[in-house]
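This is what each chain is made of:
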Amino acid sequence: MARVIYVNGRYLPYAQAGVHAEDRGFQFADAVYEVIEVRGGRLIDEPRHVARLARSLGELGIAAPMSPRALANVLRETIRRNRVVHGVVYLQVSRGAGPRDFAMPPAGTEPTVVCLARSSRPEAQERAAEHGIRVVTMPDIRWGRSDIKTVMLLPACLAKAAAAGAGAKEAWLVDRDGYVTEGASSNAWIVDASGQLVTRHVDDNILAGVTRATVLDAIAREGYEVSIRPFTPEDAYAAREAFITSASNTVMPVVEIDGRVIASGRPGGLSRRLRQIFHQVATASS
Ligand code: PMP
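Residue indices begin from 1 for each chain and proceed along its sequence in written order. Confidence filtering applies because this is a predicted model: local features only for residues at pLDDT of at least 70, side-chain atom pairs given and counted only at 80 or more, and all residues used for totals across whole chains, interfaces and linings. Based on all heavy atoms of the structure, the side-chain values leave hydrogens and waters out of the count.

1. What to know about the layout of surface pockets
Here comes step 1: The calculated volume of the second largest pocket comes to roughly 210 Å³.
Here comes step 2: Lining the second largest pocket are 13 residues, and of these Asp140, Arg142, Asp175, Arg176 and Asn205 sit closest to its centre.
Here comes step 3: Ten residues, namely Ala, Val, Leu, Ile, Met, Phe, Trp, Tyr, Cys and Pro, are considered nonpolar, four, namely Asp, Glu, Lys and Arg, are considered charged, and the remaining ones, Gly among them, are considered polar. Per-class residue counts for the lining of the second largest pocket are four nonpolar, four polar and five charged. Grid points spaced at 1 Å over the protein atoms alone were grouped into cavities, where a 1.4 Å probe fits but cannot get out, and pockets, open sets with protein on both sides within 12 Å along at least five of seven lines, with lining residues defined by an atom within 4 Å of a point. Grid points are joined across faces, edges and corners, and a volume is the space filled by probe spheres set on the points.

2. Things to note about the pattern of salt bridges
Here comes step 1: Criterion for a salt bridge: a side-chain nitrogen of Lys or Arg within 4 Å of a carboxyl oxygen of Asp or Glu. All told, the structure shown has 21 salt bridges when counted by the stated rule.
Here comes step 2: Linking Glu123 and Arg121 is a salt bridge whose minimum nitrogen-to-oxygen distance equals 3.8 Å.
Here comes step 3: Take Glu123: its relative accessible area is 44%, and that puts it in the partly exposed class.
Here comes step 4: Here's how the labels work: a residue is buried when its accessible area is under 20% of the maximum for its type, exposed when over 50%, partly exposed in between, all with a 1.4 Å probe on protein chains only. Residue class for Arg121 comes out exposed when judged on its relative accessible area of 52%.
Here comes step 5: A salt bridge links Arg142 to Glu182; the shortest N-O distance between them is 2.8 Å. With Arg142 in the loop between β7 (133-139) and α5 (154-165) and Glu182 in strand β9 (residues 180-183), this residue pair connects regions lying 40 residues apart in the sequence. Going along the chain from the N terminus, every DSSP run of H or I of four or more residues is numbered as a helix, and every run of E of two or more is numbered as a strand.

3. With respect to empty space enclosed by the protein
Here comes step 1: Going through the model one piece at a time under the given rule, you end up with two cavities of 30 Å³ or more.
Here comes step 2: Within this model, the largest cavity holds a volume of roughly 40 Å³.
Here comes step 3: What lines the largest cavity is simply Glu37, Ile44, Asp45, His49, Val210, Thr211, Ala247 and Phe278.
Here comes step 4: Across the lining of the largest cavity, the residue classes tally to four nonpolar, two polar and two charged.
Here comes step 5: Boundary definitions for the domains trace back to an automatic or database domain assignment. Taken domain by domain, the lining of the largest cavity gets at least three of its residues from each of domain 1 (4-120) and domain 2 (125-285).
Here comes step 6: One number sums up the size of the second largest cavity: a volume of about 30 Å³.
Here comes step 7: What lines the second largest cavity is Glu34, Ile36, His49, Val50, Leu53, Leu71, Leu75 and Leu91.
Here comes step 8: Elements with a contribution of two residues or more to the lining of the second largest cavity: β3 (31-39), α2 (46-60) and α3 (68-81).
Here comes step 9: Per element, the largest residue contribution to the lining of the second largest cavity is three residues, and it comes from α2.
Here comes step 10: Here the lining of the second largest cavity is composed, by residue class, of six nonpolar, one polar and one charged.

4. Thoughts on the site of the ligand
Here comes step 1: In this text, near means that some heavy atom of the residue lies within 4 Å of the molecule or strand in question. The full set close to the ligand counts 18 residues, and Arg52, Lys149, Glu182, Val210 and Thr211 are the nearest of them.
Here comes step 2: Between the ligand and Arg52, the relevant distance is 2.8 Å, taken from an oxygen atom to a side-chain nitrogen or oxygen of the residue.
Here comes step 3: A 3.5 Å cut-off defines polar contacts: any pair of N or O atoms within that distance qualifies, except that in protein one atom must be a possible hydrogen donor and the other a possible acceptor, and neighbouring residues in sequence count only when both atoms are side-chain atoms. Between the ligand and Ala247, the relevant distance is 2.8 Å, taken from an oxygen atom to a main-chain nitrogen or oxygen of the residue.
Here comes step 4: A total of 390 Å² of accessible area belongs to the ligand in isolation, and the protein chains cover 93% of it.
Here comes step 5: Breaking the shell around the ligand down by element, the ones donating at least two residues are α2, β9, α6 (210-222) and β13 (241-246).
Here comes step 6: For the shell around the ligand, the per-class residue count stands at five nonpolar, nine polar and four charged. Here the open area of atoms and residues is found with the Shrake-Rupley method and a 1.4 Å probe, where only the protein chains shown may cover a residue.

Structure follows, in structure tokens:
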């Protein structure tokens, strides 16, 4: 069965799925997106992703492209048509197409909606989680509204490429005050010397990760101690554990940062436990 992409109301084979060359997403990164984990054919934490999408659209003044119910259908139909059991579904909404102009297009311009679904191999991810990943730090050169999930991802792509060049899977971005903001495509966590879980507060400079929120729920459920505060790369080098969270990785242990081995160099106990129980705490909707 050929894979298909949803574009503005139609499910099209990959080769035919395209948007207008004057789409504002293409020309100005004037678009937002969500990535939702699919597990056993079900959507993980869909309500939180849908709420964040609405917030991103609202912050940019892009009209909701369809009703929540229609959106839910598009996500499911894209997953179904692509026979994705484990993987992710990606949804992007741009402000639409119009003659290239910095000024906003006229009211009533139809947003562009694209949805695609991709399978992943859970075994490969489990194997990665058993070993943990390497991270390198670098300056956070993004704009001042990283809380909005826009497709303006060039700084993230460059950071990931630099990380890959250094043999690492993720980049941790560091602000001008020397604190880690977040990963290029994940939120950043450590467990400090006292055993406290630490992650940075949410503001305009980081994305409020859905996985981060669910992991905070899991932490509350388990009664672990947590401190919402920024940390530096030096704090991270000295940490007992480190990990990242994102919809496509859930909880992924970090075992090396900037070439320094974290603790024993093996994934930490809290990281492994949070990964184990993540889906007991997350919602799953079919
Ligand atoms: N921060 C950034 C910059 C990201 O791109 C992502 C992944 N989209 C996250 C954090 C994690 O967010 P979530 O848990 O909602 O996937």
